[in-house]
Amino acid sequence: MGEAANILVVDDEKGIREGCRRILMSEGFAVDVAENGKEGLDMAKAKPYDLMLIDLMMPVMGGIELMEQIRQLDPEIVMIVITGFATIETAVDAMKHGAYDYIPKPFAPDQLMAVLNRGLETRRLRLEAEQLRQERDQKLLEIAGEKSKLRTIMNSMADGILVINREHQLVLWNPAALKTLNLAGHVEIGKDIAEVIAEKNLLEVINKAFNPDSSQYTIFSEEVEIVEPERKTLIVSVAAVRDEKGQDLGVVSTFRDITTLKEVEEVKSQFVRMVAHELRAPLAAIEGYLNAYLTGVAGKDPQFNRQMLERARLRSKSLIELVNDLLQFVRLESKRVERKKELLDMKEVIESNVELLKNQGDSKDVQFQVDIPEKLPLIEADRAEMDQLMTNLISNAMKYNVKNGKVIVGARPEGHFLCIIVADTGIGIEEQCLPCVFDEFYRVRGPKTRYTTGTGLGLSIVKRIVESHFGRIKVESTVDKGTTFTVKLPLRQVDAG
Amino acid sequence: MAKKPRILIIDDDVDFIDLNRAVLENSGYEVVTAFSGREGMDKVRFEQPDLIILDLMMEKHDTGFTFAKSIKADPVYKKIPILMLTSVAGETGFGFSQEQDGYWMKTDDFLNKPVAPEDLVKKISELLEKAKQSE
């Protein structure tokens, strides 16, 4: 024992007390003495003892009562009874009251030491056992905590996780895995992974972790396409779990569904292809005209040569418009677009835009008719975007009009909406083309629009603006009669008016 | 002097047509034009061109193919050489060539857009020469 054990000797016989003290101190113990049970109890309350030697017959408080009290105070204190009436009955009685052993008086020092050392050894073992029990309980608690932590982490992950053991049996999974791989109802602890997962290529990837040559990497990822129940693209990461000797214990597989990402990527590159195509057409025309002008390959007619340059200029202008529209388009597309919504009087917006476009003039000499009541209810909208909306609609009505045609712009409240109408008396749109007019880069092609430049983005931008203001847009058209666009924008919720 | 060879240009880009009309007229050809496959078919019938310059992508992505196919299926018109112009190569990464794709595209030759006027003129005279020899 590291420290010297603390021993209390309780006996009313001074000879025994002193005798014991001397023997024990010479053995290196720390010894205190008490004359009776009461004194012994007080001392035990004041200082922790490892072992007590207790006489049974004492005045004030006897040994039996003392033992009772001590047992309640600290059950781990080893109590050894010293008794002059060494009968079986007293011994049994003492044992019943918690004594560890007893020594009959008189006793020899060796006898005392033998019993005492045994008692101390027992106490040491008991304390050690208690400590181990506590440690084990602590560890069990920690493991339970770790397990619940692990469960929570796995369950809250967006990526699916499946864990299988060396025998390819399923041991652990999370809800995301069930969802991603559509395994609800198929999983069960101990089930072979091949029975759980139907997709062959997915199984192949997981099984690769068991390959002997996989021991060189800790984790590897592969893109896997699955078809059931719907086409999905997954990033599968597989890692073998190994023990300290490098033996495979099992495999942890994680699954990330990147289907949407792939789709977005595809849409994006499709858009880039379309943009590139749209940019090249005017550039090729400009390059062609300039080349022909400079080399004279198209002949010497000065009028035609000048015409070529004018066309080149027109196409460059449309190119600039296209780039502007693209920028606007991308700005609307990005979710972070800053929309400064303010209370707007559309009457003012419409009239100023009509005025602006009227003065820019165009070769068709169209007439304008504006039908707006004296006072319009306000809407909450972004001024710049409303300008763009009106410009795009009105300039289209001018562009696709006939000579001396008419552009009618109107606005009026209609229920919870402000209804804006832009109509023309132009060439109209064939019914089969109507569903496409809001598509990016779509342009109705026909003999009458051959020389009209346009980006194919104007109406897509209009639609996006309307939708970002929680509105609706509708188009009606009759060939050779004209086209009418109707925009409905929500009125301000609570009109303070 | 012999009758001027008549070239039909089918393309939906008005600038491409105007420019190449000038280039070809300046090189001694007579030019007729069409802006769509359907209009092109009418022009083949009524103008009887000696050669057709055809854009691959017009109102539909494969208008050029369809057009070439129906010309080559016709006993009378199949002799008219078709020069297909594509800008598809750059967009899709797939190039076409007469050696590889001519047999199924039913064309007589290919040029990638943008086309240099001198290349166009050269190619046209080659094709016309070839057509004359096979008669």
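Everything quoted here is computed from the prediction, not taken from an experiment. (Residues numbered from 1 in each chain as written. Chains lettered and ligands numbered in written order. Predicted model: local features only at pLDDT ≥ 70, side-chain atom pairs only at ≥ 80, totals over all residues. Heavy atoms only, no water.)

Draft legend 1. Here's a closer look at unusual backbone geometry. Following Lys105(A), the chain continues to Pro106(A) via a peptide bond in cis, the omega torsion being -10°. The residue Pro106(A) is located in the loop between strand E5 (101-104) and helix H5 (109-156) in this model. Phi at Phe470(A) takes a positive value of approximately 60°, unusual for a residue other than glycine. Here Phe470(A) shows up in the loop between helix H13 (458-468) and strand E16 (472-478). In the Ramachandran plot, Gln48(B) falls in the positive-phi region, its phi being about 45° despite a non-glycine side chain. Mapped onto the fold, Gln48(B) is located in the loop between helix H2 (37-47) and strand E3 (51-55). (Helix = DSSP H or I, 4+ residues; strand = E, 2+ residues; numbered from the N terminus.)

Draft legend 2. Fine view of a nonpolar patch on the surface. Residue and element names in this part refer to chain A. On the surface, Leu290, Tyr293, Leu294 and Leu309 cluster together into a nonpolar patch covering about 380 Å² of accessible area. Take the nonpolar patch: its biggest share by element is three residues, from helix H9 (residues 259-295). Following the sequence through the fold, Tyr293 ends up in helix H9. Residue class for Tyr293 comes out partly exposed when judged on its relative accessible area of 38%. (Patch = residues over 30% accessible without salt bridge, like charges linked within 9 Å, V, L, I, M, F, W, Y side chains within 5 Å. Areas by Shrake-Rupley, 256 points an atom, 1.4 Å probe, with all protein chains shown as cover. Salt bridge = Lys/Arg side-chain N within 4 Å of Asp/Glu carboxyl O. Buried < 20%, exposed > 50% of the residue type's maximum accessible area, 1.4 Å probe, protein only.)

Draft legend 3. Examining the pattern of salt bridges more closely. Residue and element names in this part refer to chain B. A complete count under the given rule lists 41 salt bridges over all chains for this structure. A salt bridge links Arg45 to Asp42; its shortest N-O distance comes to 3.8 Å. Of this pair, Arg45 and Asp42 both sit in helix H2, three residues apart, which is roughly one turn of the helix. Judged by relative accessible area, which is 35%, Asp42 ranks as partly exposed.

Draft legend 4. Fine view of the nonpolar core. Residue and element names in this part refer to chain A. Grouped together as the largest cluster of nonpolar side chains are 61 residues, with contacts concentrated most on Met346, Ile350, Ile379, Met386, Met390, Ile394 and Ile420. When residues in this core are grouped by element, the largest group, eight residues, is from helix H10 (residues 302-333). Listed in part, the 26 residues of the second largest apolar core include Ile164, Leu203, Ile226 and Val236. (Core = buried A, V, L, I, M, F, W, Y, C linked by side-chain atoms within 4.5 Å.)

Draft legend 5. Structural detail: the packing of helix H1 (residues 14-26) of chain A against H5(A). Residues and elements named next belong to chain A. Contact pair H1 / H5: the axes reach a minimum separation of 11 Å and the direction vectors enclose 65°. Considering the angle they form, H1 stands roughly perpendicular to H5. Along this stretch, H1 crosses H5, giving a crossing that reads as right-handed. Side by side, H1 and H5 meet where Cys20, Ile23 and Leu24 of the first sit next to Pro109, Leu112, Met113 and Leu116 of the second. Split by residue class, the contact of H1 with H5 holds seven nonpolar, no polar and no charged. (Axes fitted to C-alpha atoms, helices over the stretch in contact; angles between N-to-C directions. Parallel < 35°, antiparallel > 145°, perpendicular 65-115°, else oblique. Left-handed = near helix turned anticlockwise from the far one by under 90°. Contact = heavy atoms within 4.5 Å. Nonpolar A, V, L, I, M, F, W, Y, C, P; charged D, E, K, R; others polar.)

Draft legend 6. Inspection of the sheet that holds strand E2 (residues 30-34) of chain B at higher detail. Residues and elements named next belong to chain B. Strand order in the open sheet made by the five strands is E2-E1-E3-E4-E5, with parallel pairing throughout. Edge positions in the open sheet fall to E2 and strand E5 (109-112), since each of these has one partner strand only. Averaged over all pairs of adjacent strands, the angle between strand axes in this sheet comes to 20°, irrespective of strand direction. In this fold helix H3 (residues 63-72) packs onto strand E1 (6-10), E3 and strand E4 (82-86), with an angle of close to 155° to the strand it touches most, E3. (Pairing = 2+ DSSP bridges.)

Draft legend 7. Looking closely at the interface of chain B and chain A. Each side of the interface is counted separately: chain B has 17 residues, and chain A has 21 residues. Between chain B and chain A lies a buried interface of about 1700 Å² when both sides are counted; carbon and sulfur atoms form 55% of it. A salt bridge links Asp13(B) to Arg315(A), with the shortest nitrogen-to-oxygen separation between them at 3.2 Å. Mapped by element, the contributors of at least two residues to the side of chain B that touches chain A are helix H1 (14-26) and helix H4 (88-92) of chain B. A total of seven residues in the side of chain B that touches chain A trace back to one element, the largest contributor, which is H1(B). (Buried area = accessible area lost by both parts, 1.4 Å probe.)

Draft legend 8. Layout of the side chain of Thr33(B). Position of Thr33(B) among the secondary structure elements: in strand E2. Non-local contacts of Thr33(B), meaning those with residues more than four positions away in its chain, are made with Leu8(B), Ile9(B), Ile17(B), Arg21(B), Glu39(B) and Lys43(B).

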